[in-house]
Amino acid sequence: MQNLDWSQLPFGYLKTDYNIRCYYRDGKWGELEVSSSEYINLHISATALHYGQQAFEGMKAYRGKDNKIRLFRWEENFKRMQRSADGILMQPITKELFKDAITKAVLINERFVPPHGTGAALYLRPLLIGSGPQIGVKPAEEYLFMVFTTPVGPYFKEGFTPIKIAVVRDSDRAAPLGTGSIKVGGNYASSLTGAKKAHDEGYGAPMYLDSIHKKYIDEIGAANFFGIKNNTYITPKSPSILPSITNMSIMQLAEDLGLKVERRPIDIEELETFEEVGACGTAAIISPIGEIYDIDKDKKYNFCKDGKAGLISTQIYEKLVAIQYGDETDPHNWVEIIK
Ligand code: PLP
Ligand code: COI
C-alpha cells in the first residue's frame, strides 16, 4: 500500500481487501468463505440484533524487520472467545477454525500489514454472532463467525505519552455476576455513557469502579488498569473486568524484570500511593496515565509530573513491543510467525 501514511494511522476502520466468514447451520460449521464485501446479509430477527448474542476479539498482526508477520498469543484470544460464546449460550467455534480464519484474514490482506518501524499493526477483529431468528428470548440455532482486518495506529492519540482519565460513578460497565469478564458487545454498549461523560469533561477515557461498593478500581475504558510502587506491579482482581491478554503478558514481563506481582482489589484511595499507573490492552498497548480525575469527588491524582512515562512502565512497554514485532527473542513463546 503505497499511499498510506502508516505512522499517522489512527485507531479506526479502514477498508481492506477481504474478510472471512463461516456459517454454523444444521448443527455444523461450514467451510471458510472469503468475501470482498463489507456488508453481511442478516435475518431481521437474528438474535445478535435483538438479544445481544455477539462476541468479538481484538488482536494484532505485526510485521518484523525480517518482513515476517507475527501473531501474539492468538490461542489466548481463542480461549477467551470460547468463554464468551459459553457465557451467552452461543455455538462455540473450534480452535482449528479460529486459527485458519485469522491466518487467512492476514494473508489475503497482507498488503495492509504496516511496515516494521511505523508503530502500526494490522488489527484483527474476529466476531461471532447469533444469525438465526428468534423472537422469544432464547439462543439462536444459526451462527456466523467472521474475521475482518484493518490497519491501526495507537488507540490513544497520545501514543506512549501520558493520558488523562476520569472516574465515572453514575453508570456501570458491568456487574460482578454479569458479562464483564467476557468480550460481548453489551458491555461496550453500557460503557458508552461513562466514556461520553469522561470525554465531555475533556478526559481520554473513563475509569470504572466496582459496581457494588464504588470503591475498587475495575477498568479503564477498553483496557485494564495497573499501578506500580515499591518494586511491585499491582493490577485489579475483580469478577467484572475483562482478563486482558496484554496484562497477563505484562505481569510475566514484570516478574522477569524482578518486580513482585499482585492481583488484588485496589481501593481508589490507594491511587495516591502509586509511583506509576497505566492502562493496557491490545489496542492501548501500554498507555501511561498522567492524571486521574475523580469527577464526583472533585479530586485529582497526578502522575508523570515531568510529562513522561515512568521508568518501569517504559521498560515493560519496550520489552512487550520488541517481542511482538520480533525485535527481541521471545522467551515465553508468545509469538507465532504466519505462513
Ligand atoms: N478490557 C476491556 C474492556 C477490553 O475491551 C480490552 C480489549 O480487548 C481489554 C481490557 C484488554 O484486553 P487485551 O489485552 O486482551 O486486548
Ligand atoms: C482491544 O484492545 O482489542 C479492544 O478490544 C479495544 C476495543 C474495544 C477498541
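Since this is a predicted model, take the numbers as computed values, not measurements.

**So, the side chain of Asp210**
So, point 1. Summarising the element assignment, Asp210 is placed in the loop between strand S10 (205–209) and strand S11 (217–220).
So, point 2. Despite being buried, Asp210 has no salt bridge partner; Lys214 is the closest side chain of opposite charge, sitting 7.7 Å away.
So, point 3. Within the structure, the side chain of Asp210 is placed 3.0 Å from the backbone nitrogen of Lys215, a separation counted as a polar contact.
So, point 4. If near-sequence neighbours (up to four positions away) are discounted, Asp210 is found in contact with Lys215, Tyr216 and Asp218.

**Describing the site of ligand 2**
So, point 1. As a matter of local geometry, ligand 2 sits amid Phe11, Phe56, Gly58, Tyr123, Arg125, Tyr155, Lys183, Tyr188, Ala222, Thr282 and Ala283.
So, point 2. Here an oxygen atom of ligand 2 sits 2.9 Å away from a polar atom, N or O, in the main chain of Ala283.
So, point 3. The fraction of the free accessible surface of ligand 2 (280 Å²) that becomes covered by protein chains is 90%.
So, point 4. Its residues assigned to classes, the shell around ligand 2 shows 7 nonpolar, 2 polar and 2 charged.
So, point 5. Viewed by domain, the shell around ligand 2 spans two of them, domain 1 (6–152) and domain 2 (163–324), each represented by three or more residues.

**Considerations on the domain arrangement of the protein chain**
So, point 1. For the protein chain, the domain assignment lists domain 1 (6–152) and domain 2 (163–324).
So, point 2. For domain 1 and domain 2, the distance between their C-alpha centroids amounts to 26 Å.
So, point 3. Contacts between the two partners involve 20 residues from domain 1, matched on the other side by 19 residues from domain 2.
So, point 4. The junction of domain 1 with domain 2 conceals about 1,700 Å² of combined surface from both sides, 63% of it contributed by carbon and sulfur atoms.
So, point 5. Counting the surface domain 1 buries against domain 2, the share from its top three residues, Phe56, Phe72 and Arg80, is 34%.

**Quick word on helix H5 (residues 192–200)**
So, point 1. For H5, every residue scored as buried is listed here: Gly194, Ala195 and Ala198. All buried residues of H5 project into a common sector of 100° when viewed along the axis, lining one side. Across from the buried face of H5, at angles greater than 90 degrees, the exposed residues are Leu192, Thr193, Lys196 and Asp200.
So, point 2. Phi for Gly202, located one or two positions after H5, is positive at around 90°.

**Description of the packing of helix H2 (residues 74–87) against helix H3 (residues 95–107)**
So, point 1. Remark: H2 packs on H3, axes separated minimally by 10 Å, with the N-to-C direction vectors making an angle of 125°. Here H3 runs oblique to H2, going by the angle between their axes. Crossing hand, H2 versus H3: right-handed. Seen from H2, the contacting residues are Trp74, Glu75, Asn77, Phe78 and Met81; seen from H3, they are Lys95, Phe98, Lys99 and Ile102.
So, point 2. Its residues placed into classes, the contact of H2 with H3 shows 5 nonpolar, 1 polar and 3 charged.

**Structural notes on a nonpolar patch on the surface**
So, point 1. On the surface, a nonpolar cluster with roughly 340 Å² of combined accessible area is contributed by Tyr51, Ile135 and Val137.
So, point 2. Note that Val137 resides in the loop between strand S7 (121–130) and strand S8 (143–152).
So, point 3. Owing to a relative accessible area of 70%, Val137 belongs among the exposed residues under this scheme.

**Examining the site of ligand 1**
So, point 1. For ligand 1, the set of nearby residues contains 16 residues, the closest of which are Tyr188, Glu219, Ser244, Thr246 and Thr282.
So, point 2. Here an oxygen atom of ligand 1 and a side-chain polar atom of Arg80 are 2.7 Å apart.
So, point 3. Measuring from an oxygen atom of ligand 1, one finds a side-chain N or O atom of Thr246 at 2.5 Å.
So, point 4. Its free accessible area being 380 Å², ligand 1 has 97% of it covered by the protein chains.

**With respect to unusual backbone geometry**
So, point 1. Positive phi values are uncommon outside glycine, yet Asp26 reaches one of about 50°.
So, point 2. Along the chain, the position of Asp26 falls in the loop between strand S1 (19–25) and strand S2 (28–29).
So, point 3. Classification of Asp26 by relative accessible area gives exposed; the value is 73%.
So, point 4. One non-glycine residue, Asn231, adopts positive backbone phi at about 60°.

Rules used throughout
Residues numbered from 1 in each chain as written. Chains lettered and ligands numbered in written order. Predicted model: local features only at pLDDT ≥ 70, side-chain atom pairs only at ≥ 80, totals over all residues. Heavy atoms only, no water. Helix = DSSP H or I, 4+ residues; strand = E, 2+ residues; numbered from the N terminus. Buried < 20%, exposed > 50% of the residue type's maximum accessible area, 1.4 Å probe, protein only. Lys, Arg positive; Asp, Glu negative; His and termini not counted. Salt bridge = Lys/Arg side-chain N within 4 Å of Asp/Glu carboxyl O. Polar contact = N/O pair within 3.5 Å; in protein donor to acceptor, adjacent residues only side chain to side chain. Contact = heavy atoms within 4.5 Å. Near = heavy atom within 4 Å. Areas by Shrake-Rupley, 256 points an atom, 1.4 Å probe, with all protein chains shown as cover. Nonpolar A, V, L, I, M, F, W, Y, C, P; charged D, E, K, R; others polar. Domains from an automatic or database assignment. Buried area = accessible area lost by both parts, 1.4 Å probe. Arc of directions from axis to C-beta. Axes fitted to C-alpha atoms, helices over the stretch in contact; angles between N-to-C directions. Parallel < 35°, antiparallel > 145°, perpendicular 65-115°, else oblique. Left-handed = near helix turned anticlockwise from the far one by under 90°. Patch = residues over 30% accessible without salt bridge, like charges linked within 9 Å, V, L, I, M, F, W, Y side chains within 5 Å.

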